[in-house]
Structures are given as C-alpha cells and as structure tokens.
Amino acid sequence: TAPAGRGPAAAMAAPLKRCLVRRRDGRQQHGVAASCLRELRDKASGILAIDKAREPITLVLAEDGTIVDDEDYFLCLPANTKFVALAKNEKWSSKSLDSGTAWLSESVDEVDSAAEKWKQLARQLKDDLSNIILMSEEDLQVLIDVPRSDLAEELAQSQTKIQVLQDTLQQVLDRREEERQSRQLLELYLEALKNEDSILSKVAESETVPRKEMDVVDTGTSSPGTSAKTALSDQILAALKEKAAPELCLDSQDLELVLKEDTQALASALRWDKQKAEALQQACDQELSKRLQQVQTLHSLRSTSKGKKTLPWGDWLSSKRKK
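Cut-offs applied
Residues numbered from 1 in each chain as written. Predicted model: local features only at pLDDT ≥ 70, side-chain atom pairs only at ≥ 80, totals over all residues. Heavy atoms only, no water. Helix = DSSP H or I, 4+ residues; strand = E, 2+ residues; numbered from the N terminus. Buried < 20%, exposed > 50% of the residue type's maximum accessible area, 1.4 Å probe, protein only. Contact = heavy atoms within 4.5 Å. Areas by Shrake-Rupley, 256 points an atom, 1.4 Å probe, with all protein chains shown as cover. Pairing = 2+ DSSP bridges. Phe/Tyr/Trp six-rings, centres within 6.5 Å; stacked < 30°, edge-to-face > 60°. Lys NZ or Arg CZ within 6 Å of the ring centre and 35° of its normal. Patch = residues over 30% accessible without salt bridge, like charges linked within 9 Å, V, L, I, M, F, W, Y side chains within 5 Å. Salt bridge = Lys/Arg side-chain N within 4 Å of Asp/Glu carboxyl O. Arc of directions from axis to C-beta. Core = buried A, V, L, I, M, F, W, Y, C linked by side-chain atoms within 4.5 Å. Axes fitted to C-alpha atoms, helices over the stretch in contact; angles between N-to-C directions. Parallel < 35°, antiparallel > 145°, perpendicular 65-115°, else oblique. Nonpolar A, V, L, I, M, F, W, Y, C, P; charged D, E, K, R; others polar.

> Describe the overall build of the chain, naming the residues involved and giving the relevant values.
The secondary structure content of the chain amounts to 13 helices and four strands. Each of the 323 residues in the chain was classed as buried or not, and the buried ones make up 34%. Within the chain, contacts between residues at least 6 apart in sequence are counted, and of these 62% link residues at least 24 apart. Summed over its atoms, the accessible surface of the chain is roughly 20,400 Å², and 50% of this surface lies on carbon and sulfur atoms.

Structure follows, in structure tokens:
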C-alpha cells in the first residue's frame, strides 16, 4: 500500500529520482528513474528479471547494506544513489561489495574505475568539506585532476568555486610535500651528526687500551618473533616502508590502523627494529591528531556561522586558503 499522504496523484507529481540498481551478485547495473520507493521496487524487479515467487524484494544501499524501506529517507537520498536488490531470503554481504565499488568487475577498464573513485571522493566533499584534511595525497591528486566542469556538475557548484576548491586541494598537497622535504632535511642532518659522533668515538677508542670483548646484550631488536603478524594491507606496508614521512601520504583511516597495530608485529612486517616502529607510530599519531584538531576547528566555526549544516563554500574555502 502507498505510504500515508502519498497517493497516486502525489506520486505522479513528485519529481523522478535517478537511481542505479543491480542484483547482489550481479556485475551489471541499470539506471532507473522513480518518483517513490514503491515505484523503484517495481521497476527494479522488472529490469532485473526477479521471479515473482521471490518477491517482495528488499532494496539496500550498495555502500554499506543499509535497508531502505522508508519513503522519506528515499526522497532524501541524492541522485544516482546505488542500490542492491535482494530477493526473498537473500542477505546483503560486505564480502561481495567493496564500499559500493563492487559494480566494477576485473574486466572493467581503469578509466571507469578512476571515474568511479573521483565521484565517491566528490560526494565526501559534498557531505563535509573538512574531509579534505582527512584524505590521502592520492585522493587529493585524483580530485585535482578531474575536469573542472565535471566536478562542478557533480557538486552542483559554479566552475569559479570549483577552481577555488581545486586550488585549495593543491595547497594542501603542496603543504604536505613541504613537510616531507623538511623532515627529510632534518633526518639527513641528524644522520650527519650521528656519523660524526661515530667517527669521533672510534678515534677515541683507538687511543685507549683495547678492552676485553664486551658481553653481548640482547636489545630485543635482533629478530622479531615469528608469531607476530600484522593485519595491515600490503599497500599500507609498502607506503610505510618506501615513502619518506609516510604518515603524510596516508589517509586518516590508514593512520588509525597503523596506530592500532602491535608495535612488534609492525616492526617484524617492515623488518625494522622496535624503536623505529615506535617512532613511526608516534609520527602517525601526531599527524592524525593534527588533522582531527583541524576538523574540530572547522566544526566549531560552523557552529558559530548562520548556515544550517556547513559554512558557505566561499567562506570555507577562503578561510582554508588564508591558513
């Protein structure tokens, strides 16, 4: 039955919403225009050829499996929201989906995959511009490379504001690169001091009477326990091992994973000593704290502004550019 207050006349008057639907294990998505949730269910059943015996179907968000059975909630969803149609007795599984990107089979070309990624990132900015701070360098570069007209259409903003946004993204990226270079210079300087101290100590030792061989002291860094295993992905481990100042190139979720990781397991996975792994976790902790503090500052600015949800685009971006 139709929801209260939403008869056939109201449904006909309601604007059509563009949606994307597919089966739970299907790889092909279909575009559907519907004015209400019931119409979307009916059309999805027909387009996806779901047997009548397996109805009624359940519609869930492809991103996280949220069941959509409320008409008002459906109307609040943005255009081109992705749905998975579940037939009777079917359940949504996170294993068959990857944050809404499981529409893409291995045969889909990289161009389509890249287009899908920037749209997801753009939606994050549409929800909350402070997500810029939490993005990885790779994500920032993806949004910078998107054609201005495409990004303007996706965010429903003028191209002038999108230019300001992309300039801001570039500044955030440049600032992280400057921090990385500064850290590299500091590490080189400290390494030079260490080498100098080593040379001086060797000269001093050569001038003294040779001492008896020192007892070997177990520092606990020689061979990490084989039982220590890390849950971090190969991609994160590669960034930690190969990147200078890796905490700057990881997004905030990855930083949290590194912090939660057992230090001994992390050292074992990276083939580092425990002290170096602890220093890495400390650097990740500092970077994450800095980003979260910046986000909290922006949220406090919003609470004093007149806007309902976020600061006006122009004001927010202007404040970011001044920093």
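Here the narrative resumes.
> Please set out the pairing of strand 1 (residues 17-23) residue by residue, giving values where relevant.
Along strand 1, five of the seven residues are buried, which leaves the element largely enclosed by surrounding structure. Looking at chain direction, strand 1 and strand 2 (residues 30-34) are connected through five bridges and run antiparallel. In the sheet register, Leu20 faces strand 2, and the bridge partner there is Gly31. Counted along the chain from strand 1 to the antiparallel partner strand 2, the turn is six residues long. As judged from the five bridges shared by strand 1 and strand 4 (residues 81-86), these two strands associate in the parallel manner. Looking at strand 4, one finds that Val21 is bridged to Phe83.

> I'd love a proper account of the packing of aromatic side chains, names of residues and values included.
The description of two aromatic rings rests on the distance between their centres and on the angle between their planes. Counted by the stated rule, this structure contains one aromatic pair. Taken together, a centroid distance of 6.3 Å and an interplanar angle of 45° make the contact between Phe74 and Phe83 tilted. Neither Phe74 nor Phe83 differs from the other in exposure class; each is buried. Seen from the ring of Phe74, Lys17 lies directly overhead, with NZ or CZ sitting 5.6 Å from the centre.

> Now, about a nonpolar patch on the surface: what can you tell me, with residues and values included?
Where nonpolar side chains cluster on the molecular surface, the patch consists of Leu186, Tyr189, Leu190 and Leu193 and spans about 390 Å² of accessible area. For Leu193, the location among the structural elements is in helix 8 (residues 159-206). A residue is classified by how much of its surface remains accessible, and Leu193, at 33% relative accessible area, is partly exposed.

> Describe in detail the environment of Leu255, supporting the description with residues and values.
Here Leu255 shows up in helix 10 (residues 252-260). The sequence separation of Leu255 and Leu288 amounts to 33 residues, and the corresponding C-alpha distance is 6.6 Å. Once you skip the residues sitting within four places of it in the chain, Leu255 turns out to touch Glu247, Leu250, Cys284, Glu287, Leu288 and Arg291.

> Now, about helix 2 (residues 37-47): what can you tell me, with residues and values included?
Among all positions of helix 2, only Leu37, Leu40, Ala44 and Ser45 are buried. Along helix 2, the residues classed as buried sweep out an arc of 130° about the axis, all on the same side. Structural note: helix 2 exposes Asp42 and Gly46 on the side pointing more than 90 degrees away from its buried face. Buried residues along helix 2 sit in contact with strand 1, strand 2, strand 3 (58-61), helix 3 (71-76) and strand 4. Ala49, located one to two residues past helix 2, shows a positive phi value of around 55°.

> Outline the nonpolar core, listing residues and values.
Residues Leu125, Ile132, Leu140, Leu143, Leu151, Leu165 and Leu169 are the most contacted members of the largest nonpolar core, which totals 19 residues. When residues of this core are traced back to their parent elements, those giving at least two are helix 4 (110-127), helix 6 (137-145), helix 7 (148-155) and helix 8. A per-element tally of this core places helix 8 first, with five residues. Of all hydrophobic cores here, the second largest spans 18 residues; its members include Val21, Ala44, Leu59 and Ala87.

> Can you lay out the packing of helix 9 (residues 234-242) against helix 11 (residues 263-270) for me, pointing to particular residues and giving the numbers?
Viewed as axis vectors pointing N to C, helix 9 and helix 11 meet at an angle of 75°, and their least axial separation amounts to 10 Å. Here helix 11 runs roughly perpendicular to helix 9, going by the angle between their axes. Note on element contacts: helix 11 touches helix 9 through Leu266, Ala269 and Leu270, opposite Leu237, Leu240 and Lys241. Residues of the contact of helix 9 with helix 11, tallied by class, amount to five nonpolar, no polar and one charged.

> For the sheet that holds strand 2, give the residues involved together with the corresponding values.
Pairing is mixed across the open sheet formed by four strands, whose spatial order is 2-1-4-3. Either end of the sheet is taken by a strand with one partner, and the two such strands are strand 2 and strand 3. With direction set aside, neighbouring strand axes in the sheet form an average angle of 40°. Sheet strands touched by helix 2: strand 1, strand 2, strand 3 and strand 4. Its angle to strand 2, the strand with the most contacts, is close to 150°.

> Before we move on, could you go through the pattern of salt bridges and cite the residues and values that matter?
Where charged atoms of side chains with opposite charge meet at close range, the side chains can pair. Using the criterion set out here, one finds 12 salt bridges in the structure. Close ionic contact of Glu90 with Arg54 constitutes a salt bridge, the shortest N to O distance being 3.2 Å. Taken together, the residues span a long stretch of sequence, with Glu90 in the loop between strand 4 and helix 4 and Arg54 in the loop between helix 2 and strand 3 at a distance of 36 residues. Using a relative accessible area of 16% as the deciding quantity, one classes Glu90 as buried. Residue class for Arg54 comes out partly exposed when judged on its relative accessible area of 35%. Between Lys290 and Glu287 there is a salt bridge; the shortest N-O distance is 3.4 Å. Here Glu287 and Lys290 lie together in helix 12 (residues 274-304), a separation of three residues that amounts to about one turn. For Glu287, a relative accessible area of 6% puts it in the buried group. Through salt bridges that share partners, Glu179, Glu287, Lys290 and Arg291 make up one connected network.

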